[in-house]
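Descriptive analysis of the structure
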Amino acid sequence: MKFKRFLWLGLILCFIFPQHFVTAETNSNDKPAEQVVEENYHTVLENWKKEGKKDASTFEASVSPSNFQTADEKNLLPVERSKGYNDRVFYWHNQASVSYEVDVKEAGLYELSFDYYPLSNEVVPIEGAIQVNGKYSFYESRRIVFSANWKNAKQTFENDRFGNDMIPKQKRIEEWSRINAEDASQLQAEPLKFELQKGKNKITLTNLSGEMLLGNAYVTSPDKLLSYKDYLKKHKDQKLVKEALITREAEKNYEKNSSYIRPFAANDTSAVPSSPKKLLLNTLGGESWTKSGQTVNWKVNVKKDGFYKLTFKVLQNKETTGAVFRKLLIDGEIPFAEAAPITFDFNKNWSNVTLEDKKGKAFLFYLSKGEHEIGLEADASPVESVLHTTNNIMREMEELTLEIRKLTGNQTDTARGWKISEYIPGIDKKLSGWADELEHELKYLRTLDKSDEDSKDMISLKMAVQKLRSLSKEPDEIPSRLTELSEGSSSAAQLLGNMLVMLPKQPLTVDRFYVHGDQKEVPDAEAGFWEKLFDSIQRFFLSFFSENYSASEAEEDTLEVWVNRPRQYVELLQNLSDQTFTPETGIKVKFSIMPEEQKLILANASNKQPDIALGISSWLPYELSIRGAAVDLHQFDDFEAFSKQFSPGAFLPLMIGDSVYAMPETQDFFVQFYRKDIMQALGLPVPDTWDDVKGILPELQRYGMNYYTHIAGATGFKPFQATAPFVYQFDGNLYGKNGMKTAIGSEESLKGIQFMAELNTIYSLPLQVPNFYNHFRYSTLPIGTANFTTYTQLTAAAPEIAGWWDISPHPGVKKEDGTVERWATGSGQSAMIFKGTKSKEDSWELLKWWLSTDTQTEFATNLQMLYGPEYMWNTSNLEAFKNLPWPEEHKKTILKQWEYLYEVPKNPGSYMIERELSNIWNRIVFDGVNPRSAVDDSVVAIDREIKRKMEEFGYVKDGKMVKPYPIPTIEQVKSWAGDENENKNN
Amino acid sequence: MKTKTTKRDHSHWMFLAPYIILFTTFIIIPVGAAILLSFTYFNAIETPTFIGLSNYVGLITQDEVFMQKVLPNTLTFALIVGPGGYILSFILAWALAQVPKRMRTILALVIYSPSMTAGVAMAVVWTIIFSGDETGYLNSLLLTIGVLLEPIQWLQSPEYLMKIMIFVTLWGSMGVGFLAMLSGVLNINTEIYEAGYIDGINNRFQEIIYITIPSMKPQMLFGAVMAVVGTFQAGAIGVALSGANPTPQYAGQLMVNHLEDYGFIRYEMGYAAAISVVLLIVVYAFSKVAWRLFGEKD
């Protein structure tokens, strides 16, 4: 038996191998994934050290914008338009690049800095790239961030309807400031250094995104920080000021360089201020202050010259129980070397951390009389070397795995032996080398905090080391033990990957801080036992009476809106409408959180429905409207003009005939995700059609990889998202004439269905993938079609492959005229008005306001500004979508895909089509039934159910059609607002 | 007794009140409402309209899925899981009664614990075990020892779904019925056994048939009724395992799923109510059978 299989494998290999070489040769030039040329800064820095290149001795030069060389002189603004800079300035925007020359006396390493004034007032980051003498010095120089400073628009917190504090609006601080060129991830402890030659050097600054005014450019020699000893010497005639306690609440009066560092309401009597009744914003930071480089500066007024101690009342409960680091800044500068970084050890409770040296003696900071800024900057630089090593090892691991896979093929037979050490000599040394390196980093990590217990990061490292060691002892077993090396959730690579996500995070919650002389002056961090007990009893009883955004009766003249979204969204929504909508129109609105959308049906049955519901699934409005509970939006005169801002395909499930019962609010997209690195390593082109997909499948599967479709993502029941695209792409249709019968039995539909099943039966696509996101990260499924959820996961939670993946439109079917039919669904959430509304017109006004380009843009921007980049808002308003701060290339791809958005229209029995399509797939794939007969069986069942349902809703009586049920089409939607095309039904 | 004041005659209502109130609000009213609704057309939003027996007629004459899949599935499921679980409960309870006390307590807890965990939590565990890709525990194990060459779609393939549902339900069926039987076995007076041996019993099997079972009839009845009600009401398991209602090709569709299908997917509450009434009748009929078998005849 085994021999036979061996023989077959050999035979198959013979067939595949030569072919593989051919494709590799022809395809490698086709669409090579982006190649990163430069080394990263860490390596470059090490090389400089080895080569003996040194920091330049004291040097400072500045170049005024008048001396900049640029292609477009128009961008050089006169002094009057310089926003208070006493010189001409350069308007740096829209991919403009600017160069300047600097003459240095000696070759060496220099730092670059710039005067700048941020202009773009959105969340779009201002980014540029720096070239020295026409070359990028290292990878990091391709992306330099010019951060803007932010503050709360108001320094007091306003209250919402329930007396809870609200996070104030964020305002960009408009001022000139100077910034050093630093790496975008802020993992380096010091600003970036650039190597300059003796004599003239040309430095080019190219804009990537955002807008700003550029003032002087500086070239300086790197600064050396004072040591604490020297710092004390410098101020040796100063004394410790006693009895001068200054207490500052952290949540107020601060500036920050990231808009979404935000105050939190800690439900804890130890935090100040605190109330058992209301949510008071009393602390700052926490999960919003985790990224290295995020800085907060507090203003402090000092009454007397002299030395002071600093104590921060913090809660450092990082998930991994590891230490977090901050740089201390006084007036924007690090006072002495020991103040960067400062370690905050893990502690489950609030604690007062007095800044002190290693021996436990408190640092003394000199503050002169007057106003000062005391700042903390999140700092992950202490762990940078760990991240660097781990990253490198993971990349090598990936290569090794690919190499092994190329050798063994898609081989799951564990009984088969390999002499891997003959094919890949030194593989055991390689593994133990990695283990040594990681162990070294582990030892280093342990020195960083005082705790004796290992944090989760250290445990991950330790386990990875153990796995590598055990594998290196028996290298020949590696092919069958790949799950321990790089695949699966407990592999060494995954352990390291998880560590890479958590380790650089530096969360710290600050309640308040004290500038003080004596230690005794500082109050206790934790509240006493009795106080805590009393507080929690109070909270318990008060919890019965709280009504935070819960759905309760509104007053007569107030529109009631139920929102199926979390609290942050509702809060922001209420805020926005109070600020703009109500003043403009005089219509009062009350938003409430709807815990479950099924509640709408019950509320309708008992006539307690709201005026409007937002954020509901796109199938729900149809069910409500056909039973007469929804308002037809098409009756409003301006509806057709308004509808032009949305994808026509998005309206289809919300329509009955020509009536529209809801508006699309958010919109999903199905696009193709692919790993650039793997596609490149295998020399595969990125497929554009299903034929292309079929073309790359043999190659992928030979390495045990595969292509993912939504079919595998769905559980036992395959919804329309998974099945319908195939029917539409092959020009088929789900509904027949008059909507009374299904058309899945037609030639075209059948072809689509057959292909859908063939992908699994003939082309062996996976049948079940519980989590594509993970498989994509482990590179077992390096390519596949997925949606918005995967997109957010990959952008927010996959740092180890950041920059190594991309998206392209959904593969489709090539037509004779060369276009590709890429139809796919994109069901997002929708907004509807109920028949029982107090005022149809007012409700429609609110919907129009909410879905307008301006409001959607502002909402999306505010959301990301307040809560961070992972709060992405996939608005269905196309114009607003274009304004979103997402990567431009990705937006283009998504918009292109949205031209092929085809949501499945509904008729009363469409759930039967959905489930029978799922059953057809199931019968073909599992029971081996012939597609034609599988479809025919289902057609009978579907037609019967449609007829039954049509009878229920009065379209059919006694078996005869009373009135037709026209199925909405894209052409029909496009024909609104004056287009000549009249209703066309298939 | 009868000569006492009427005041006293009312006081028993005081003691009965909590039970009566709760029983009325949570059992009688809902059941009554369901029976009433089953004669109407009710789409969950508009007011119900009376349509007589149409729902029942439709259920029996036109509902292909109900007759072809749901009813056979439910009966198969109930007949295997009900008696199967019941017999298993008894065997385990009897076997446990033979081991020393400390060991017995521990084992009883181990066997009883699956039924304490909520069905959904259980399904999460089982979906991982039966997951359809190579990383599913069972697939992974079978692939490793070489039984399989490619993973089996346990939960998607109609061939396996029902079997897995039965297996999982059996695993979790050692509930209150089991505990009752355990206490029943333990409470039998040992003197009866001695008497039995004197009268000529000569092995353990006869002991069970002639002494153990007859002596614990009340517990057997309780276990049987619990098993009947439990198995007919089970429905969540198929949906939880396969991920959605309806199950693939209706392979794991039970009465309760069918009811939910009509009630919450097709919004035909009247029809769903009719199904629930049929379910009620079936459950009642089967528990009658249990009464016949184990009830005290007096």
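Owing to the predicted nature of the structure, the values given are computational and were not obtained by experimental measurement.

All names here are of chain A. Relative to strand 4 (residues 89-92), strand 3 (residues 76-77) runs antiparallel, the two being bridged by two bridges. In the sheet register, leucine 76 faces strand 4, and the bridge partner there is phenylalanine 90. For strand 4 and strand 14 (residues 212-220), the ladder comprises three bridges, and the chain directions are antiparallel. Counted as the bridge partner of tryptophan 92 is methionine 212 from strand 14.

Residue and element names in this part refer to chain A. If you trace the five strands from one edge of the open sheet to the other, you get 2-5-13-7-8, paired in antiparallel fashion. The sheet is open, and its two borders are formed by strand 2 (69-70) and strand 8 (144-146), each paired with just one other strand. Bridge count between strand 7 (residues 126-132) and strand 8: three bridges; the pairing is antiparallel. Residue pairing in the sheet places glycine 128 in a bridge with isoleucine 144 of strand 8.

Attention now goes to the sheet that holds strand 16 (residues 254-256) of chain A. Residues and elements named next belong to chain A. Taken together, seven strands build an open sheet; the order of strands is 10-9-16-19-25-21-22 and the sheet is antiparallel. The outermost strands of the open sheet, each flanked by one partner alone, are strand 10 (170-172) and strand 22 (342-344). When the angles between neighbouring strand axes are averaged without regard to direction, this sheet yields 30 degrees. Pairing of strand 21 (residues 324-330) with strand 25 (residues 370-378), which is carried by five bridges, proceeds in the antiparallel orientation. Note on strand 25: the bridge partner recorded for leucine 329 is glycine 375.

Residue and element names in this part refer to chain A. Taken together, the side chains of Glu396, Glu399, Glu403 and Glu437 define an acidic patch exposed on the protein surface. For the negative patch, the leading source of residues is helix 4 (residues 384-408), giving three residues. Relative to the helices and strands, glutamate 437 is located in helix 6 (residues 427-448). Look at glutamate 437 and you get partly exposed, because its relative accessible area is 39%.

This paragraph deals with the nonpolar core. Formed by 181 residues in total, the largest nonpolar core has its most connected members in A:Leu614, A:Met663, A:Phe673, A:Leu734 and A:Ile744. If you tally residues by element for this core, the top one is helix 14 (residues 269-294) of chain B, at nine residues. Counting residues in hydrophobic clusters, the runner-up holds 39 residues, among them A:Tyr254, A:Tyr308, A:Leu310 and A:Ala339.

So, on to the interface of chain A and chain B. On the chain B side, the residues contacting the 37 residues of chain A number 30 residues. Counting each side, the surface lost to burial between chain A and chain B is near 2,900 Å², with a carbon and sulfur contribution of 50%. For the chain A face of the interface with chain B, the top three residues by lost area are A:Arg627, A:Gln768 and A:Arg915, together amounting to 22%. A salt bridge links A:Arg944 to B:Glu64; its shortest N-O distance comes to 2.9 Å.

Tallied over the full model, the rule gives 49 salt bridges over all chains. For A:Asp454, the salt bridge identified is with A:Lys462, shortest N-O distance 3.3 Å. Residue class for A:Asp454 comes out partly exposed when judged on its relative accessible area of 21%. Relative accessible area serves as the criterion here: at 34%, A:Lys462 is assigned to the partly exposed category. For B:Glu268, the salt bridge identified is with A:Lys949, shortest N-O distance 2.7 Å. Within this pair, whereas B:Glu268 is found in the loop between helix 13 (255-265) and helix 14, its partner A:Lys949 is found in helix 27 (residues 931-952), the two belonging to separate chains. Exposure class is identical for B:Glu268 and A:Lys949. Each is buried. Three or more residues joined by partner-sharing salt bridges are found here, namely A:Arg915, A:Glu945, A:Arg948, A:Lys949, A:Glu952, B:Asp261, B:Arg266 and B:Glu268.

Take the domain arrangement of chain A next. Accessible area lost on assembly of the parts is the figure often given for the size of an interface. According to the domain assignment, chain A contains domain 1 (41-220), domain 2 (228-380 + 506-533), domain 3 (384-502), domain 4 (558-653 + 831-886) and domain 5 (721-759 + 907-986). The centre of domain 3 of chain A, based on its C-alpha atoms, is set 51 Å off from the matching centre of domain 5 of chain A.

Next up on the list: the packing of aromatic side chains. Residue and element names in this part refer to chain B. Throughout the structure, instances matching the rule amount to 74 aromatic pairs over all chains. Taken together, a centroid distance of 5.4 Å and an interplanar angle of 20 degrees make the contact between tyrosine 19 and phenylalanine 23 stacked. Of this pair, tyrosine 19 and phenylalanine 23 both sit in helix 1 (residues 6-37), four residues apart, roughly one helical turn. Residue phenylalanine 23 is classed as partly exposed on the basis of its relative accessible area of 33%.

Side chains of B:Trp13, B:Leu16, B:Tyr19, B:Ile20, B:Leu22, B:Phe23, B:Phe26, B:Ile27, B:Ile28, B:Val31, B:Ile35 and B:Leu280 sit close together on the surface and give an oily, nonpolar patch of about 1,100 Å² of accessible area. On the accessibility criterion, B:Tyr19 (52% relative accessible area) is exposed.

Regions with low pLDDT carry predicted coordinates that are not meant to be interpreted in detail. Residue and element names in this part refer to chain A. Of the residues in chain A, 94% reach a pLDDT of 70 or more, and the chain-wide mean stands at 85. Per-residue pLDDT stays below 50 along residues 9-36; that stretch engages in 20 contacts with residues further than four places along the chain or on separate chains. Per-residue pLDDT stays below 50 along residues 979-986; that stretch engages in 12 contacts with residues further than four places along the chain or on separate chains.

All names here are of chain B. Turning to helix 2 (residues 54-61), its buried residues number three or more, namely Asn55, Tyr56, Gly58 and Leu59. The buried side chains of helix 2 occupy one side of the element, clustering within an arc of 160 degrees when seen end-on. Seen from the buried face of helix 2, the exposed residues on the opposite side, beyond 90 degrees, are Ile60 and Thr61.

Bringing helix 25 (residues 888-898) of chain A into the picture now. Residues of helix 25 of chain A that are buried include every one of A:His890, A:Lys891, A:Thr893, A:Ile894, A:Leu895, A:Gln897 and A:Trp898, and no others. Residues of helix 25 of chain A that are buried in the fold lie against strand 33 (671-675), helix 21 (788-797), strand 36 (805-808) and helix 24 (878-883) of chain A.

Another aspect to go through is a positive patch on the surface. Together, A:Lys229, A:Lys233, A:Lys236, A:Lys359 and A:Lys361 line one region of the surface with positive charge. Locating A:Lys361 in the fold gives a position in the loop between strand 23 (347-354) and strand 24 (365-367).

Residue and element names in this part refer to chain A. Take lysine 151: it is sitting in strand 9 (residues 150-152). Overall, the relative accessible area of 30% leaves lysine 151 in the partly exposed class. Sequence separation of lysine 151 and leucine 781 is 630 residues, and the distance between their C-alpha atoms is 44 Å.

How each quantity is defined
Position numbers for residues start from 1 in each chain and track the written sequence from start to end. Labels are handed out in written order, letters beginning with A for the chains and numbers beginning with 1 for the ligands. pLDDT decides what is reported in this predicted model: residues at 70 or higher carry local features, side-chain atom pairs at 80 or more are listed and counted, and totals for whole chains, interfaces and linings draw on all residues regardless. Hydrogen atoms and water are omitted, and side-chain values are computed over all heavy atoms in the structure. For two strands to be treated as a pair, DSSP must find no fewer than two bridges joining them. Numbering of helices and strands runs from the N terminus; a helix is a DSSP stretch of H or I covering at least four residues, while a strand is a stretch of E covering at least two. Interaxial angle, 0 to 180 degrees, is taken between N-to-C directions of lines fitted to C-alpha atoms, where a helix line uses only the stretch in contact. In this scheme, patches are assembled from residues that exceed 30% relative accessible area and form no salt bridge. Like charges are connected within 9 Å, while nonpolar side chains (Val, Leu, Ile, Met, Phe, Trp, Tyr) are connected within 5 Å. Exposure was quantified through the Shrake-Rupley algorithm and a 1.4 Å probe, taking into account, for residues, occlusion by the shown protein chains and nothing else. Salt bridges, as used here, are contacts in which a Lys or Arg side-chain nitrogen is within 4 Å of a carboxyl oxygen on Asp or Glu. Charged residues are defined here as Lys and Arg on the positive side and Asp and Glu on the negative side; His and the ends of the chain fall outside this count. Positions of charges follow a simple convention, taking NZ of Lys, CZ of Arg, CG of Asp or CD of Glu. Residue exposure (1.4 Å probe, protein chains only): buried if accessible area is under 20% of the type maximum, exposed if over 50%, otherwise partly exposed. Grouping buried Ala, Val, Leu, Ile, Met, Phe, Trp, Tyr and Cys residues that are joined through side-chain atoms within 4.5 Å yields what is termed a nonpolar core. Working rule for contacts: check all heavy atoms of both residues, and any pair within 4.5 Å makes them a contact. The term buried area denotes the loss of accessible surface (1.4 Å probe radius) that occurs when two parts are joined, taken as the sum for both partners. Note: domain ranges come from an automatic or database domain assignment. A pair of Phe, Tyr and Trp rings is counted when the ring centres sit within 6.5 Å of each other, with Trp represented by its six-membered ring. The angle between the planes then sorts it: under 30 degrees is stacked, over 60 is edge-to-face, the rest tilted. Scored between 0 and 100, pLDDT is the confidence that the predictor attaches to each residue. This arc is built from the directions going out from the helix axis to the C-beta atoms.

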